[in-house]
Amino acid sequence: MTGVDDVLARARDGVHRPGPAETAAALARGALVVDTRTETQRAEQGELPGALVIDRTVLEWRLDPTGSHRIPEATGWDVEVVVVCHQGYSSSLAAASLRAVGLHRATDLAGGFAAWRDAGFPVGRGPADVRR
């Protein structure tokens, strides 16, 4: 049997997970920073300025550059993607799923939005750039 901790460890194995400063730099150079937190979490915790909000249930479909349901920013397999959740657990699994479909530069923010906020990076109150 494999538990979620084993799956998480495999998802992170050999992957560089940027911290808040590296994520801010990635955003500045045009990386897609994708916030998968729920609407309730974002309302309570704040928004990550510049991030695209994509529900976890449709993430792969919105970022697959060959898919009919992709967002305009999903321009190719080399797109740099940094996934963000609240604490950096579900985002690791989401980034692994994106790598599995071919987005080889997908990673996630180590420590999640909480690390971003706690490091003193800007937190917005909206509106968010929500992609459905």
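Each value, and the rule that gives it
Residues numbered from 1 in each chain as written. Predicted model: local features only at pLDDT ≥ 70, side-chain atom pairs only at ≥ 80, totals over all residues. Heavy atoms only, no water. Helix = DSSP H or I, 4+ residues; strand = E, 2+ residues; numbered from the N terminus. Rg over C-alpha atoms; globule rule 2.2 N^0.38 Å. Buried < 20%, exposed > 50% of the residue type's maximum accessible area, 1.4 Å probe, protein only. Contact = heavy atoms within 4.5 Å. Pairing = 2+ DSSP bridges. Axes fitted to C-alpha atoms, helices over the stretch in contact; angles between N-to-C directions. Core = buried A, V, L, I, M, F, W, Y, C linked by side-chain atoms within 4.5 Å. Phe/Tyr/Trp six-rings, centres within 6.5 Å; stacked < 30°, edge-to-face > 60°. Salt bridge = Lys/Arg side-chain N within 4 Å of Asp/Glu carboxyl O. Arc of directions from axis to C-beta.

On a plain count of helices and strands, the protein chain comes out with six helices and five strands. Secondary structure elements in the protein chain, listed N-terminal to C-terminal, are α-α-β-α-β-α-β-α-β-α-β. Since a compact globule built from 132 residues should have a radius of gyration of about 14 Å, the 14 Å found for the protein chain is in line with a globular shape. Projected onto its principal axes, the C-alpha coordinates of the protein chain cover approximately 35 × 35 × 25 Å. A buried classification covers 44% of the 132 residues belonging to the protein chain. Long-range pairs, those at least 24 residues apart, make up 66% of the contacts in the protein chain with a sequence separation of at least 6.

Pairing in this open sheet of five strands is parallel, and the strands run β4-β3-β1-β2-β5 from one edge to the other. Edge strands, defined here as strands with exactly one partner in the open sheet, are β4 (106–108) and β5 (129–131). The sheet shows a mean angle of 35° between the axes of neighbouring strands, taken without regard to direction. Where strand β1 (residues 32–35) lies against strand β2 (residues 52–54), two bridges are found, and the strand directions are parallel. By the bridge assignment for β2, Asp35 is matched with Val53. Contacting β3 (81–84) and β4, helix α5 (residues 90–100) runs over the sheet at an angle of about 175° to β4.

Moving on, we come to the nonpolar core. In summary, soluble globular proteins display a tendency toward joint burial of nonpolar side chains. The biggest cluster of nonpolar side chains holds 16 residues, and the ones touching the most others in it are Leu32, Val34, Leu59, Leu63, Val81 and Leu98. Elements with a contribution of two residues or more to this core: β1, β2, α4 (59–63), β3 and α5. Sort the elements by how many residues they give to this core and α5 lands first, with three residues. Listed in part, the 10 residues of the second largest apolar core include Ala26, Ala31, Leu48 and Val82.

So, about the packing of aromatic side chains. Pairs of aromatic rings are described using the distance from one ring centre to the other and the angle between the two planes. Summed over all chains, the structure comprises one aromatic pair. Here the aromatic rings of Trp116 and Phe121 are separated by 4.8 Å at their centres, their planes lie at 35°, and the arrangement is tilted. Among the residues examined, Phe121 registers a relative accessible area of 25% and is labelled partly exposed.

Another point: the pattern of salt bridges. Counted according to the given criterion, the structure contains nine salt bridges. Between Arg42 and Glu47 there is a salt bridge; the shortest N-O distance is 3.1 Å. Residue classification places Arg42 among the buried residues on the basis of a relative accessible area of 8%. With a shortest N-O distance of 2.8 Å, Asp129 and Arg131 are connected by a salt bridge. Its relative accessible area of 34% is what places Asp129 among the partly exposed residues. Several salt bridges share partner residues, and in doing so they unite Arg29, Glu80 and Arg105 into one network.

So, on to α5. Of the positions making up α5, those classed as buried are Ser91, Ser92, Ala94, Ala95 and Leu98. Burial along α5 is one-sided: seen end-on, the buried residues are contained in an arc of 160°. Check the buried side of α5 and you find it contacts α1 (4–12), α4, β3 and β4. Downstream of α5 by one or two residues, Gly102 has phi in the positive range, about 120°.

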